[in-house]
Amino acid sequence: MVRFSIVVPVYKVQAYLHECLESVLTQSFTDFELLAVDDCSPDACGDIVDEFAARDGRVRAVHLPENTGLGPARNAGLERATGEYVLFLDSDDTMLPGSLQAICDRLEATGSPDILVFDYARTYWNGRTARNERAELVAEDSPEVFTLHERPALLMLLSVVWNKAYRRDFVTARGLAFPPGVYEDVAWTYPALVAAERIACLDRVCVHYRQRRRGNILGTRSLSHFDVFDQYDRVFAHLDAQPGAASSKALVFGRMVDHFCTILNKPERVPPSARARFFRSGSRHYRRHQPGDYSPPKGVPGLRHLLIRLRARPLYQALWHARATPPRLRERLLAPSRRLASAVLHLHYRLQRLRPVDPRLAVFGAYWNGGYACSPAAIEAKVRELAPGVRTAWVTGAEHAHTLPGAVERLDPRSLRFWTVMARAKFFVNNVHFPHRMGKRPGTVHVQTHHGTPLKHMGVHLLNHPAAAEGMDFERLLERCDRWDFSLSANRHSTLTWERAYPSGHRALEYGCPRNDVLHAATAEDVHAIRARLGIPEDRTAILYAPTRREYLRDFRPRFDLEGFARALGPGHVLMVRAHYSYADRPGLRELHERGALMDVSAHPSVEELCLAADALVTDYSSIMFDYANLDRPIVVHADDWEVYRAVRGVYFDIRTEGPGVVTSTDEELIEAFTSGEWCGTRATDMRAAFRKRFCAFDDGRAAERVVRHVFLGTPDAVPAVVPLDERSPAPAAGTVRASAPLAGA
């Protein structure tokens, strides 16, 4: 028999599940089994559970045939448990290092109690950690082993199941099980504590309780919150059946009423149309279960209890409003006066929102009101092909008007027309974000395409990188993220990273990156035509150098001697240089272009065309490498300032060891990589194959079609399956790349 059985119910937590399971498997104490119960999760959780089970024999994967809910999923794990003690851990939480050893030591020191209660800390998206406010209740005071009757204040702790270790024989003997529905912890925790004859405490934080911004059922507005009444009915039925539980009833009752108040005071829980009914149900439960010896608490909490008992909902609401000024009203009172023009536009927008949503109107944008580009452009074109009944509009200024197809309406972001469309459109697609003041209307659909697979830190992960964050308002950022319905992903790495970096309620669509569709659809004739427009001779090998931005550099500065590198490549090659779009000033680059030393393609409107034209890519930490890898052409990573970049920006993995090809750090190494043939040799090919398998999983040329069929046509069942990697035929290179061959004339 193992010492511990740890039950982890799993449902729609793919972004956090790795961290949760790793926190258990890396414990210094190893005598345990981990029962991961996949509650028919629709995301990748089932696969993740199986991966861990295959990797570590202590993990037992349990797959339920249908979604049952948190309580029944825990029961499924409990039925299979063999350990002396059972612990529960929610799959988005983590166990701190050394916790199992500390729990084991405390159980031995207290003579194997029925229940051991330990402490926890809340963790937030911004990195803040806050220990349980009632930590004093788990103090290891004398007596070290007690009953609830001897220490009734223990009921003041949060009524959760995962801050305790339960002796399995005790659980079995008492017939403890979780009920269905929400707030299932209530119907387990109180009966367990009341029934336990020997309870002990461990004054140590063992669990980090993740405070998810979105996705948590307790933060979801629905009628499921009415389940709390059934759960407390179960609790009091259990207490009535226990002769020695009378002394606990008054305290449990007070906790119940406090719980009702908590739910009432959180607007994100009970829908407005049902709040009056919830209040009435709370009043009925108050009178139904009130013990004769109950005394309400003093102050405002006691006043709340009294108002619930008297069914005085208007007075209760007045009390709540008096103690909590609505944030939006507070912001308006404190905000400076807006200019008249802005006020007129905003008023116009609010009035337009009174009109119905237009189900045949879609708005697109990219790169902060830039031109027609990236994945939004690919989706817009596919909408006109597959859903011609949908009218499309693109947000951009006059300077980018020439990039739009004739069939697409241009929306000037300063115009009345812009705010009319923003108020009434049903579909919104962008690779960044729309204006902050634009609210999400019910019935609208927002698609976030992103603009590349992330190597560098994004979103809230920039909290610890202030130089890269550049004054970012993270609260405003996350409010914009809350508008997203769908987030596109080209690979599992992106899926998990977006969920962690932008914690909101969006759903990941693992459909591929639409801007990369052309890399698979283009023919040899298309590639030759693009090269001809760029002026690249047919007999030349084209090398594209596309570095990313450095937050610590104001202007574009190449990371190596461009002219010297072009000279080393020799006359059979063309060096194209594309500076990051954020650099308006590119000193020296234009001069080199005019002298014919290289081609400055920074202003070219389509980076996808540049990728198709290039026979090889030289980059550093730019997301272009993930896109270019779809073409299965050589990639060289020049990482001369890796340590500085990693410190300033933060990265998700080490590109030097997990990259798509040869890695260099000096001018000499870069030139040697090309002159020796290493850039396109066997080792580089093998690295690229592994990179493509990891990061090009869903890019097969049909990403935009998948989005349109699912989102715009509402036919997710018609979404085409992803073509396996080894069956794809990306656009062929046009130049003269010879594998493992040094440069001619070098």
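As a starting point, this report considers the structure included with it. Because the structure is predicted, anything quoted here is derived from the model rather than measured.

### Some words on the overall build of the protein
Thought 1: When helices and strands are counted, the protein shows 29 helices and 22 strands.
Thought 2: Computed over C-alpha atoms, the radius of gyration of the protein comes to 30 Å, within 12% of the 27 Å expected from 2.2 N^0.38 for 746 residues, which places it in the range of a compact globule.
Thought 3: With the C-alpha coordinates aligned to their principal axes, the bounding extent of the protein is approximately 95 × 65 × 45 Å.
Thought 4: Each of the 746 residues in the protein was classed as buried or not, and the buried ones make up 54%.
Thought 5: A separation threshold of at least 6 residues defines the contact pool for the protein, and within that pool the share at least 24 residues apart is 74%.
Thought 6: Roughly 32000 Å² of accessible area belongs to the protein as shown, and the carbon and sulfur atoms make up 51% of that amount.

### Some points on the packing of aromatic side chains
Thought 1: Per the counting criterion, the structure on display carries 40 aromatic pairs.
Thought 2: Centre to centre, the rings of Tyr367 and Tyr581 are 5.0 Å apart; their planes meet at 55 degrees, and the pair counts as tilted. You can see Tyr367 sitting in the loop between β10 (358-365) and α14 (374-386) and its partner Tyr581 sitting in the loop between β18 (573-577) and α22 (589-594), a full 214 residues away along the chain.
Thought 3: Centre to centre, the rings of Phe653 and Phe695 are 5.3 Å apart; their planes meet at 20 degrees, and the pair counts as stacked. A residue pair is termed long-range when its members are at least 10 positions apart, and Phe653 in the loop between α25 (642-649) and α26 (655-658) and Phe695 in helix α28 (residues 682-695) qualify at 42 residues. As far as the burial class goes, Phe653 and Phe695 line up, both buried.
Thought 4: Three or more aromatic residues joined by ring pairs form one cluster here, namely Tyr190, Phe226, Phe229, Tyr232, Phe260 and Phe278.
Thought 5: Here the basic side chain of Arg74 rests over the ring of Phe178, its NZ or CZ set 5.1 Å away from the ring centre.

### Concerning the sheet that holds β10
Consider a sheet: its strands pair through backbone hydrogen bonds, and that pairing is either parallel or antiparallel.
Thought 1: An order of β12-β11-β10-β13-β14-β15-β16 is seen for the 7 strands of this open sheet, with the pairing classed as parallel. Every interior strand has two partners, whereas the edge strands, β12 (409-411) and β16 (507-509), have only one. Along the sheet, successive strands turn relative to each other by an average axial angle of 25 degrees, direction set aside.
Thought 2: Summarising the sheet, strand β14 (residues 445-448) and strand β15 (residues 486-488) pair through 2 bridges and their orientation is parallel. For Val447, the partnering residue across the bridge sits in β15 and is Phe486.

### Considerations on the pattern of salt bridges
Thought 1: Scanning the model with the defined rule gives 47 salt bridges in all.
Thought 2: A salt bridge links Arg106 to Glu140; the nearest nitrogen and oxygen atoms lie 3.7 Å apart. With Arg106 in helix α4 (residues 99-109) and Glu140 in the loop between β7 (129-131) and β8 (164-167), this residue pair connects regions lying 34 residues apart in the sequence.
Thought 3: Of the residues examined, Arg106 reaches a relative accessible area of 8% and is grouped as buried.
Thought 4: Judged by its relative accessible area of 36%, Glu140 falls in the partly exposed class.
Thought 5: Ionic pairing is found between Arg540 and Asp539, a salt bridge with its closest N-O pair at 4.0 Å.
Thought 6: Here the residues in one salt-bridge network are Arg550, Arg559, Asp620, Asp640 and Asp641, joined through shared partners.

### A few points about α14
Thought 1: Its 13 residues give α14 an end-to-end C-alpha distance of 19 Å, which sits within 8% of 18 Å, the value for a rise of 1.5 Å per residue.
Thought 2: Listed in full, the buried residues belonging to α14 are Cys374, Ser375, Pro376, Ala377, Ile379, Glu380 and Val383.
Thought 3: For α14, the elements touching its buried residues are β10, β11 (391-395), β13 (425-430), β15 and α29 (703-712).

### Examining the sheet that holds strand β17 (residues 541-545)
Thought 1: The parallel open sheet is built from 6 strands, whose spatial order is β19-β18-β17-β20-β21-β22. In the strand order of this sheet, the two ends are held by β19 (599-600) and β22 (663-664), each with one partner.
Thought 2: One ladder, built from 2 bridges, connects strand β21 (residues 635-638) with β22; its direction is parallel. Residue Val637 lies in a different strand from β22, and its bridge partner there is Val663.

### Describing the nonpolar core
Thought 1: Within the largest apolar cluster, 104 residues are counted, with the highest numbers of intra-cluster contacts made by Phe4, Ile103 and Trp188.
Thought 2: Broken down by element, this core gets its largest block of residues, 8 residues, from helix α8 (residues 246-264).
Thought 3: Every residue in contact with Phe4, bar those within four places of it in the chain, is listed here: Phe29, Asp31, Phe32, Glu33, Gly83, Tyr85, Leu87, Leu100, Ile103, Cys104 and Leu107.
Thought 4: Counting residues in hydrophobic clusters, the runner-up holds 40 residues, among them Leu519, Leu631, Tyr645 and Ala734.

### Some points on the side chain of Thr189
Thought 1: Mapped onto the elements of the fold, Thr189 is located in helix α6 (residues 184-195).
Thought 2: The class of Thr189 is buried, set by a relative accessible area of 3%.
Thought 3: The contacts of Thr189, once residues within four sequence positions are left out, are Ser159, Val160, Val161 and Lys164.

### Considerations on the packing of helix α1 (residues 14-25) against helix α2 (residues 45-55)
Thought 1: Orientation of α1 relative to α2, taken along the N-to-C sense of each, is 25 degrees, at an axis distance of 10 Å. Accordingly, the angle class assigned to the pair α1 and α2 is roughly parallel. As for how α1 packs across α2, the hand of that crossing is right-handed. For the pair α1 and α2, contact is made by Gln14, Leu17, His18, Leu21, Glu22 and Leu25 and by Cys45, Ile48, Val49, Glu51, Phe52 and Arg55, respectively.
Thought 2: Classifying every residue of the contact of α1 with α2 gives 7 nonpolar, 2 polar and 3 charged.

### With respect to helix α7 (residues 227-241)
Thought 1: Across its 15 residues, α7 extends 22 Å between first and last C-alpha, which sits within 8% of the 21 Å expected from 1.5 Å per residue.
Thought 2: Against the buried residues of α7 lie α6, α8 and α9 (275-289).

### Brief notes about the pairing of β18
Thought 1: Counted residue by residue, β18 has 5 buried out of 5 residues, so it is predominantly covered.
Thought 2: Covered by surrounding structure in β18 are His573, Leu575 and Val577 together with Val574 and Met576, the residues of both alternating faces.
Thought 3: Two elements, β17 and β18, share 5 bridges in a ladder whose sense is parallel. If you follow Tyr545 over to β18, its bridge partner there is Val577.
Thought 4: Taking the sense of rotation as the criterion, the β-α-β connection linking β17, helix α21 (residues 562-569) and β18 turns out right-handed.

### Digging into the packing of α6 against α7
Thought 1: α7 packs onto α6 with a crossing angle of 15 degrees between their chain directions and a minimal axis gap of 8 Å. In terms of their interaxial angle, α6 and α7 are classed as roughly parallel. Viewed along their axes, α6 and α7 form a crossing whose handedness is right-handed. Where α6 approaches α7, its residues Glu184, Val186, Ala187, Tyr190, Pro191 and Val194 are matched on the opposing element by Gln231, Tyr232, Arg234, Val235, His238 and Leu239.

### Some points on the side chain of Asp38
Thought 1: Its location among the elements puts Asp38 in strand β2 (residues 32-38).
Thought 2: Despite its burial, Asp38 pairs with no opposite charge; the closest candidate is Arg492, at 12 Å N-O.
Thought 3: The contact partners of Asp38, leaving out residues within four places of it in the chain, are Val10, Gly46, Val62, His63 and Leu64.

### Considerations on unusual backbone geometry
Thought 1: For the peptide bond that leads from Ser142 to Pro143, omega is 0 degrees, which places it in the cis range.
Thought 2: Relative to the elements of secondary structure, Pro143 occurs in the loop between β7 and β8.
Thought 3: Residues other than glycine seldom take positive phi values, yet Tyr367 does so here, at roughly 50 degrees.
Thought 4: Looking at Tyr367, the relative accessible area reads 22%, which means it is partly exposed.

### Some details on the environment of Ser504
Thought 1: Of note, Ser504 is situated in the loop between α18 (492-501) and β16.
Thought 2: Considering only alpha carbons, one finds Ser504 and Asp482, 22 residues apart in sequence, at a separation of 5.4 Å.

Reading the values: the criteria
- Residues numbered from 1 in each chain as written.
- Predicted model: local features only at pLDDT ≥ 70, side-chain atom pairs only at ≥ 80, totals over all residues.
- Heavy atoms only, no water.
- Helix = DSSP H or I, 4+ residues; strand = E, 2+ residues; numbered from the N terminus.
- Rg over C-alpha atoms; globule rule 2.2 N^0.38 Å.
- Buried < 20%, exposed > 50% of the residue type's maximum accessible area, 1.4 Å probe, protein only.
- Contact = heavy atoms within 4.5 Å.
- Areas by Shrake-Rupley, 256 points an atom, 1.4 Å probe, with all protein chains shown as cover.
- Phe/Tyr/Trp six-rings, centres within 6.5 Å; stacked < 30°, edge-to-face > 60°.
- Lys NZ or Arg CZ within 6 Å of the ring centre and 35° of its normal.
- Pairing = 2+ DSSP bridges.
- Axes fitted to C-alpha atoms, helices over the stretch in contact; angles between N-to-C directions.
- Salt bridge = Lys/Arg side-chain N within 4 Å of Asp/Glu carboxyl O.
- Expected span 1.5 Å × (residues − 1).
- Core = buried A, V, L, I, M, F, W, Y, C linked by side-chain atoms within 4.5 Å.
- Parallel < 35°, antiparallel > 145°, perpendicular 65-115°, else oblique.
- Left-handed = near helix turned anticlockwise from the far one by under 90°.
- Nonpolar A, V, L, I, M, F, W, Y, C, P; charged D, E, K, R; others polar.
- Right-handed = clockwise from strand over helix to strand, strands pointing away.
- Lys, Arg positive; Asp, Glu negative; His and termini not counted.

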